[in-house]
Amino acid sequence: MSNVMELNRKSVAPASGTAPMSVAVAGMTCASCVGHIEKAVARLPGVVAVSVNLATERADVTFAGAPDPQAVIQAIEHAGYQVPEIETELGVEGMTCASCVGHVEKALAGVPGVTAASVNLATERASIRYRSGIATLGDLEAAVRRAGYTPRRLETDRTAPDREAAARDAELRGLRGSLVLAAALALPVFVLEMGSHLIPGVHDWVMATIGMQASWLIQFVLTTLVLFGPGLRFFRKGVPAILRGTPDMNSLVALGTSAAWGYSLVATFAPGVLPAGTANVYYEAAAVIVALILLGRYLEARAKGRTSEAIKRLAGLQAKTARVVRDGAVLDVALADVVAGDLVEVRPGERVPVDGDVVEGSSYVDESMITGEPVPVAKAAGAAVVGGTINTTGAFTFRATKVGADTVLAQIIRMVEQAQGSKLPIQAMVDKVTAWFVPVVMGVAALTFAIWLVFGPDPALTFALVNAVAVLIIACPCAMGLATPTSIMVGTGRAAELGILFRKGEALQTLRDVSVVALDKTGTLTKGRPELTDLEPAEGFERETALALVAAVEARSEHPIAEAIVAAARARGLAVPPAEAFEATPGYGVSAQVGGRAVQVGADRFMAKLGHDVSAFAGKAAELGALGRTPLYAAIDGSLAAIIAVADPIRETTPEAIRALHDLGLKVAMITGDNQATADAVARTLGIDEVIGEVLPGGKVAALHRLRAADRKIAFVGDGINDAPALASADVGLAIGTGTDVAIESADVVLMSGDLRGVVNAIALSKATIRNIRENLFWAFGYNAALIPVAAGALYPLNGALLSPIFAAGAMALSSIFVLTNALRLKAFRPAIAASRHDQGEAR
């Protein structure tokens, strides 16, 4: 977990020479909207890439040079959509006169994305309106500082919920209100018209009490209120889209409902202009269609909100305040006021507010929401702690090292958001289809109208109208547009909860297709630090005594092997006495006097030089060699005393992870700089399929090319600086989260727990997500392919079946709900290998 603290902004840096920007977009309703915005923005000078995500409602734009936010905003608005505005207040300290007000206003107005800024000298506050995603509160604060004044976040800003989430909640409330009103107005229309057709008693009652003409007038009034009240949103967006030549889902609804309403209007007030026998009204179709589609939009908005719950939960991990030691006093300050270098106190049960290093006290900290591991981790002086984790038992004080956007949690959120907003290769097919989908549907509706008008039975005009409206309403580009991004959002969010961060969204698809998982050995298969693995004393010597004396000699050395022996002695509670007359013989070993006893430690050649016969340990030495461990020997007071082995031990979870990879049908390879014999011994122990040993630091990329024979896709797992080229070269690079910055920055996927089981879970989640996407696409395309012909009347010659526009509207709404609900099933994904309590020893 230690170097997870070193995740930094470079891990999400753009390619050299390009500059990305992300913009929130409001008003999108279907896949056609996505295509229209992408085309509009792509035409801007300097834009090299643009990706619009319907589920996250964001546009990611990459410029070849400095971004032009204003041009992007204008392009989006010209296409008929909006970039939401946020209103906020910022305290400003240091103003003394009207000139100061002007300076601050000018500085704020100069921030890209700011549309209005007003400063009040008396209240020392600035009221600012800015575009979501273009400017941030941090940008506004920086502008105030550049102007020579001190910004101050107001308490309401510190504790305010995410503003985009608040906007989504407001949209949901608006949809709910519109739905209730539309349903209340449409119900009487439905009862008056359809009740009369279905129930003779209702027809008789209407004719006897109200009369047909009065009934039509009532339906006209109520339907008009529905269309130009709750249903006005479809016309406001749909009609301009038609005029721009970029029709969308709103256009289809507007055309269908206005056709039904307009025809009924003529039948009500000017029936003489219609052919004999065709003066019928379809007010109920127009009113109920609007109500049903609003119901679909409302349920869809609710479901879309649930797809981003992982981000909300991660954001909710942040503490609101911190207990900071300043000038000898302990103060409760807002999280935004914590600065690097502050001493922060944490009590039992509290969240760690920011990242830092423990300076006093000890405890166990639950890091499960960062790493996915359930076992609390021991923390003492010098240990790193991560903001958002939970202190379970003791109390400690730590020094803040990273705050605000630099914390691990903030960067995890940023990584997940970027992965959720990305497009997978599979989306390319969807984009091609949706680019022409709505115009084709309009063409099919026109063709349907013409065929029924010419060849249909009497009254042909009525049949033509009803079937054309059904075609317009049944088509659902919404489901097609939501099929991929919703699955990505839920899948990457669930991955983050399991400690798996997809830095690049396309890795989610590529990982599913890998056939070979190549593993670095040191720090990946192994713990990455040497430990004493074996110590067998000779006859006449006690194990603990021999270990204490050997550790006393090795305490004078700085070699990693020596440190491992000393650490083992101390872990067993042994006293390590001081050594005198220490002497190191390069290539052989070390010697010293410990409490008047002569102690020598070294290789077999050192023992031979001293005149000791090591053949008594020949069997043990062969056993260690088979395990890939190099034996050392100790002599005490002129006699051979013990055989010792220090090695980088295999992680306890590694064998289980490799078995699970085999169960997934994958080959496992190991790439290491160890000599081939040692590498083969480790591979035999773990059941690894292919071994490439004696690889120089720069040779891992070539090793990957060898493994890529027969066009196999390769995933490489590593953690060190020398792994970075291989991580970048592999089809998918997975970095162990306890690894170095460079490795993490080169990877497509980061495993926060530093556990190989994360590889298994990442692959299993990739397979589940892509399977979920394929299910969604099959439904979305299959639904339209099957029901558009039915709506056009394809079954009528066979069995006289026609699809009512009302049922078409219901089916259209359900198609989007199906896709979203199916994507939400990924929230229930269970890891292929779950962490268990046997890991507690390693975690601690």
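Quick caveat: nothing in here was measured; it's all calculated off a predicted structure.

Notes on the overall build of the chain
Here is step 1: The helix and strand inventory of the chain stands at 32 helices and 29 strands.
Here is step 2: A burial count over the chain gives 51% of its 844 residues as buried.
Here is step 3: Intrachain contacts of the chain at a sequence separation of at least 6 include 71% that bridge at least 24 residues.

Considerations on a positive patch on the surface
Here is step 1: A surface patch of positive charge is lined by Arg-173, Arg-176, Arg-302 and Arg-306.
Here is step 2: Among the secondary structure elements, those contributing two or more residues to the positive patch are α6 (163-198) and α11 (283-307).

As for the packing of aromatic side chains
Any pair of aromatic rings gets described here by the distance separating the centres and the angle formed by the planes.
Here is step 1: Here the structure, examined in full by the defined rule, presents 14 aromatic pairs.
Here is step 2: For the ring pair Phe-228 and Trp-261, a centre distance of 5.5 Å and an interplane angle of 75 degrees mean the geometry is edge-to-face. Of the two residues, Phe-228 sits in the loop between α8 (212-227) and α9 (232-243) while Trp-261 sits in helix α10 (residues 249-269), which places them 33 residues apart along the sequence.
Here is step 3: An aromatic cluster is defined as three or more aromatic residues linked by ring pairs; in this entry it consists of Phe-220, Phe-228, Phe-235, Trp-261, Phe-269 and Tyr-283.
Here is step 4: It is Arg-605 that lies over the ring of Tyr-588; its NZ or CZ is 6.0 Å from the centre.
Here is step 5: Residue placement shows Lys-609 over the ring face of Tyr-588; its charged tip is 4.8 Å from the ring centre.

Quick notes on the confidence of the model for the chain
It should be kept in mind that the predicted coordinates are not to be read in detail where pLDDT is low.
Here is step 1: For the chain, mean pLDDT is 82; residues scoring 70 or higher make up 89% of the total.
Here is step 2: Across the chain, strand β10 (residues 343-346) holds the top mean pLDDT of 93, while helix α32 (residues 840-843) sits lowest at 39.
Here is step 3: For the stretch residues 1-14, pLDDT sits under 50, and the model shows 49 contacts to residues farther than four places along the chain or on other chains.
Here is step 4: Here residues 155-161 scores under 50 on pLDDT; set against residues more than four positions off or in separate chains, the count is 8 contacts.

Re the sheet that holds strand β3 (residues 58-63)
Here is step 1: In spatial order, the strands read β1-β3-β2; together these 3 strands make up an open sheet with antiparallel pairing. A single partner strand is all that each edge strand has here, and the edge strands are β1 (19-24) and β2 (47-53). Adjacent strand axes in the sheet meet at a mean angle of 15 degrees, parallel and antiparallel pairs treated alike.
Here is step 2: Bridging between β1 and β3 involves 6 bridges; their strand directions are antiparallel. Within the sheet, the bridge partner assigned to Ala-19 lies in β3 and is Phe-63.

Some words on the pairing of strand β8 (residues 321-326)
Here is step 1: Note that β8 and strand β9 (residues 329-334) share 6 bridges and pair antiparallel. Paired with Val-325 across the strands is Val-330, a residue of β9.
Here is step 2: If you look at the hairpin formed by β8 and β9, you'll find 2 residues sitting between the two strands, and Asp-327 has a positive phi there, around 55 degrees.

Considerations on the pairing of strand β21 (residues 589-594)
Here is step 1: Most of β21 sits out of view: 5 of its 6 residues are buried.
Here is step 2: The pairing of strand β20 (residues 579-585) with β21 spans 5 bridges and is classified as antiparallel. Residue pairing for β21: Glu-583 is matched across the bridge by Ser-591.
Here is step 3: Between β20 and β21, which pair antiparallel in sequence order, lie 3 residues; one of them, Gly-587, sits at a positive phi of approximately 85 degrees.
Here is step 4: Of the pairings in the sheet, the one linking β21 to strand β22 (residues 597-602) comprises 6 bridges and is antiparallel in character. Residue pairing for β22: Ala-592 is matched across the bridge by Val-599.
Here is step 5: The loop that links β21 with its antiparallel partner β22 comprises 2 residues; one of these, Gly-595, has a positive phi angle of about 60 degrees.

Some points on the side chain of Gln-219
Here is step 1: Tracing the sequence through the fold places Gln-219 in helix α8.
Here is step 2: Overall, the relative accessible area of 0% leaves Gln-219 in the buried class.
Here is step 3: Ignoring anything within four residues of it in the chain, the contact list for Gln-219 reads Val-189, Leu-192, Glu-193, Val-281 and Tyr-283.

The rules behind each value
- Residues numbered from 1 in each chain as written.
- Predicted model: local features only at pLDDT ≥ 70, side-chain atom pairs only at ≥ 80, totals over all residues.
- Heavy atoms only, no water.
- Helix = DSSP H or I, 4+ residues; strand = E, 2+ residues; numbered from the N terminus.
- Buried < 20%, exposed > 50% of the residue type's maximum accessible area, 1.4 Å probe, protein only.
- Contact = heavy atoms within 4.5 Å.
- Patch = residues over 30% accessible without salt bridge, like charges linked within 9 Å, V, L, I, M, F, W, Y side chains within 5 Å.
- Areas by Shrake-Rupley, 256 points an atom, 1.4 Å probe, with all protein chains shown as cover.
- Salt bridge = Lys/Arg side-chain N within 4 Å of Asp/Glu carboxyl O.
- Lys, Arg positive; Asp, Glu negative; His and termini not counted.
- Charge placed at Lys NZ, Arg CZ, Asp CG, Glu CD.
- Phe/Tyr/Trp six-rings, centres within 6.5 Å; stacked < 30°, edge-to-face > 60°.
- Lys NZ or Arg CZ within 6 Å of the ring centre and 35° of its normal.
- pLDDT = per-residue confidence, 0-100.
- Pairing = 2+ DSSP bridges.
- Axes fitted to C-alpha atoms, helices over the stretch in contact; angles between N-to-C directions.

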